Amino acid sequence: MKSFLTIFFLFSLGQVGHSQMATYDVRSDINQTNQYLLTLKNFGEATQQTKVLKDTYDFYKKAQETLSKVNRAINDFYAVQNIIKSQVEAVRLYGNYSSQARGFKYVSQSRISSFTTVLNGLSTSINQLLKQAQLILRDDYFKMTDAERLKFLSEIDTQMSEKKTLMKIKFRELKAEEDERAIYKSL
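What counts and what doesn't
Residues numbered from 1 in each chain as written. Predicted model: local features only at pLDDT ≥ 70, side-chain atom pairs only at ≥ 80, totals over all residues. Heavy atoms only, no water. Helix = DSSP H or I, 4+ residues; strand = E, 2+ residues; numbered from the N terminus. Buried < 20%, exposed > 50% of the residue type's maximum accessible area, 1.4 Å probe, protein only. Contact = heavy atoms within 4.5 Å. Areas by Shrake-Rupley, 256 points an atom, 1.4 Å probe, with all protein chains shown as cover. Axes fitted to C-alpha atoms, helices over the stretch in contact; angles between N-to-C directions. Parallel < 35°, antiparallel > 145°, perpendicular 65-115°, else oblique. pLDDT = per-residue confidence, 0-100. Salt bridge = Lys/Arg side-chain N within 4 Å of Asp/Glu carboxyl O. Phe/Tyr/Trp six-rings, centres within 6.5 Å; stacked < 30°, edge-to-face > 60°. Core = buried A, V, L, I, M, F, W, Y, C linked by side-chain atoms within 4.5 Å.

Draft legend 1. Quick peek at the overall build of the protein chain. On a plain count of helices and strands, the protein chain comes out with 6 helices and 0 strands. For the protein chain, the sequential pattern of α-helices and β-strands runs α-α-α-α-α-α. Every one of the 187 residues in the protein chain was classed for burial, and the buried ones make up 40%. Across the protein chain, contacts joining residues at least 24 apart in sequence account for 76% of those joining residues at least 6 apart. Carbon and sulfur atoms make up 53% of the accessible area of the protein chain, which totals about 10,500 Å².

Shown next as structure tokens:
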């Protein structure tokens, strides 16, 4: 099943052509992140995060189509590109940090479970921000000026960055606790 999802995901990515506007290779970034997910021990998590990546890529394709129709395309495109990069990095961080935390030997399982719950909450918040960005780009959802739309997209990117920073901080705290306990046990 795992290989089927991977093959399906990679095939669906291969079916989409390159956009002339794109300078960011989202397919390559998503494929690399998908490889991180394959190392997750919990197949359910890998499946869930793979779906997030597919939704992210679908959003990217839709954003490119929408943005190419109007004059605001260049500024909005770069804002969307930053949001996509943030989303992909958040999925990568989630997979990497979850896998590492499960391998810790000196931190209690309840502490690891608490950490993964916090990580999952931050990941969910980032996913919700992506959905907000999708709504902002819909022609029929909001009537706003280009400046207002760009401001909202920039705010979403900032909020995503803050949540990724929290992920990094929480992992570093857990890693420091693991390292400290390992040193204590070796004495």
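Draft legend 2. The arrangement of the packing of helix α5 (residues 109-137) against helix α6 (residues 146-186) in detail. The interhelical angle for the contact between α5 and α6, taken along N-to-C directions, is 170°, at an axis separation of 10 Å. Between α5 and α6, the interaxial angle falls into the category roughly antiparallel.

Draft legend 3. Spotlight on the confidence of the model for the protein chain. Across the protein chain, pLDDT averages 79, with 75% of residues at or above 70. Per-element confidence in the protein chain is highest for α6, whose mean pLDDT is 92, and lowest for helix α1 (residues 2-14), whose mean pLDDT is 43. Segment residues 1-22 is flagged for pLDDT under 50; beyond a separation of four residues in sequence, or across chains, it makes 33 contacts in the model.

Draft legend 4. Local environment of the pattern of salt bridges. By the definition in use, this model includes 10 salt bridges. We note a salt bridge from Glu155 to Lys151, for which the minimum N-O separation is 3.6 Å. Separated by 4 residues within a single helix, Glu155 and Lys151 lie in helix α6, roughly one turn from each other. When its relative accessible area of 34% is taken as the criterion, Glu155 is described as partly exposed. The partner of Lys170 in a salt bridge is Glu173, and the shortest N-O contact between them spans 3.9 Å.

Draft legend 5. Fine view of the packing of aromatic side chains. The full count for this structure, using the stated rule, is 3 aromatic pairs. Their ring planes at 50° and their centres at 6.1 Å tell us that Phe115 and Phe171 sit as a pair that is tilted. In this pair, Phe115 is assigned in helix α5 and Phe171 in helix α6, connecting sequence segments 56 residues apart. Through a chain of ring-to-ring contacts, three or more aromatic side chains come together here, namely Tyr97, Phe104, Phe115 and Phe171.

Draft legend 6. Just the environment of Leu174, in detail. Relative to the helices and strands, Leu174 is located in helix α6. With sequence-adjacent residues up to four places away left out, Leu174 is seen in contact with Ala101, Phe104, Val107, Arg111 and Phe115.

Draft legend 7. Structural context of the nonpolar core. Core analysis: the biggest nonpolar cluster contains 26 residues, and Phe59, Val80, Ile83, Ile84, Leu153, Ile156 and Met160 have the highest contact counts within it. Of all the secondary-structure elements, those providing two or more residues to this core are α2 (26-37), α3 (43-67), α4 (73-102), α5 and α6. Considering every element that reaches this core, the biggest residue donor is α4, with 8 residues. In contact with Ile83, other than residues within four places in its own chain, are Leu130, Ala133, Leu153, Ile156, Asp157 and Met160. Ranked by size, the runner-up nonpolar core spans 13 residues in total, among them Phe104, Phe115, Met167 and Phe171.

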